[in-house]
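# Coordinates in review
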Amino acid sequence: KLPDNFASCHFVVLPPVDPTIMEKHQNIVKLLLSRMYRLAEETWRNAERTHCRNVTEARKNDLLTLFNDCISSLDAIKNVDNLSASNLSAISKISDSSILKQQLYELVELILVFTKKKDSCREFLVIQLDDTDTSTSKCYEILEDLRKFLSIPNVIILMATDMKLLRTVILQHYIDEFSSCRKEDVLSVPQLEKMESKYIDKIIPPTHAVHLPKLDEYVVNY
């Protein structure tokens, strides 16, 4: 939730991410981590020129440790099927994905300390996603990763999407995932549509959606 004094908030905006150009096995969280790292590097360089006190060697080391921890935890979660029983350090990290979520929260908080403006009351990292609905093969995975790992207080996610198409893509995911249940008449398409509707409303609450008018309709009406 944004503070009442909205004008004094400071927003650090990452470059837009187009999911349609992501490689088949590329993960949205790891891609965003690389964007954050480039932002941190740029902040370090600027701090050296301006002698900014926010960026200290101790904080830089803490930030690098958090980057390594996030990547390690993410790899452990995503490669759970390939872990052996002897890899105890990796097994401990997959016990609860909230560990990665907490690490990401701490990482973003420290990045925002580096980029803090003196007159700002609070800082937020803004993630921009474009055309998520057109990345049909990765759409559900992207939304799930954002929901599980990046739904944190210091992050704002701006996603440009066609809601009708997004709902269709998610519905198709459920149809494919529960194909055996449909064959045995355990689940019907209307039931899957209800699941899709609940999921979308949880990911993108109606009160958080901004509906942009179509340009041709806007021109006609105004």
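Residues numbered from 1 in each chain as written. Predicted model: local features only at pLDDT ≥ 70, side-chain atom pairs only at ≥ 80, totals over all residues. Heavy atoms only, no water.

### Considering helix α6 (residues 163-177)
- The terminal C-alpha atoms of α6 lie 21 Å apart, and with 15 residues this matches the ideal 21 Å at 1.5 Å per residue to within 8%.
- Of the positions making up α6, those classed as buried are Leu166, Val169, Ile170, Leu171, Tyr174 and Ile175.
- Buried residues in α6 make contact with α5 (139-149), β3 (155-160), α7 (179-183) and α8 (189-203).
- Backbone nitrogen of Lys164 and a side-chain oxygen of the N-cap are separated by 3.0 Å at the start of α6; the cap is Asp162. (Helix = DSSP H or I, 4+ residues; strand = E, 2+ residues; numbered from the N terminus. Expected span 1.5 Å × (residues − 1). Buried < 20%, exposed > 50% of the residue type's maximum accessible area, 1.4 Å probe, protein only. Contact = heavy atoms within 4.5 Å. Polar contact = N/O pair within 3.5 Å; in protein donor to acceptor, adjacent residues only side chain to side chain.)

### Side note on the pattern of salt bridges
- Applying the stated criterion across every chain, the model contains seven salt bridges.
- We note a salt bridge from Lys30 to Asp75, for which the minimum N-O separation is 2.6 Å. Taken together, the residues span a long stretch of sequence, with Lys30 in helix α1 (residues 28-50) and Asp75 in helix α2 (residues 57-78) at a distance of 45 residues.
- With relative accessibility at 36%, the residue Lys30 sits in the partly exposed group.
- Residue Asp75 is classed as partly exposed on the basis of its relative accessible area of 29%. (Salt bridge = Lys/Arg side-chain N within 4 Å of Asp/Glu carboxyl O.)

### Observations regarding the pairing of β3
- Looking at chain direction, strand β2 (residues 123-130) and β3 are connected through six bridges and run parallel. Residue Asp130 lies in a different strand from β3, and its bridge partner there is Ala160. (Pairing = 2+ DSSP bridges.)

### Considering the side chain of Thr115
- Within the fold, Thr115 resides in the loop between α4 (98-114) and β2.
- Thr115 has contacts with His10, Val12 and Thr43, leaving out every residue within four places of it along the chain.

### Let's talk about the side chain of Gln103
- Following the sequence through the fold, Gln103 ends up in helix α4.
- With residues up to four places along the chain from it excluded, the contact list for Gln103 reads Leu66, Asp69, Cys70 and Ser73.

### A few points about α2
- For α2, spanning 22 residues, the distance from its first C-alpha to its last is 32 Å, which sits close to the expected 32 Å at 1.5 Å a residue.
- Among the residues of α2, Lys60, Leu63, Leu66, Phe67, Cys70, Ser73, Leu74, Ala76 and Ile77 are the ones counted as buried.

### Describing the environment of Val12
- Of note, Val12 is situated in strand β1 (residues 10-13).
- A C-alpha to C-alpha distance of 7.4 Å links Val12 and Glu123, two positions 111 residues apart in sequence.

### Notes on the packing of aromatic side chains
- In the structure shown here, the tally under the stated rule is seven aromatic pairs.
- Ring centres of Tyr37 and Trp44 lie 6.2 Å apart, and the angle between their planes is 85°; this geometry places the pair in the edge-to-face category.
- Judged by its relative accessible area of 10%, Trp44 falls in the buried class.
- Relative to Tyr199, the ring of Tyr174 lies with its centre 6.4 Å away and its plane at 85°, an arrangement referred to as edge-to-face. Of the two residues, Tyr174 sits in helix α6 while Tyr199 sits in helix α8, which places them 25 residues apart along the sequence.
- With relative accessibility at 7%, the residue Tyr174 sits in the buried group.
- The class of Tyr199 is buried, set by a relative accessible area of 9%.
- Taken together, Tyr140, Tyr174, Phe178 and Tyr199 form an aromatic cluster joined through their ring pairs. (Phe/Tyr/Trp six-rings, centres within 6.5 Å; stacked < 30°, edge-to-face > 60°.)

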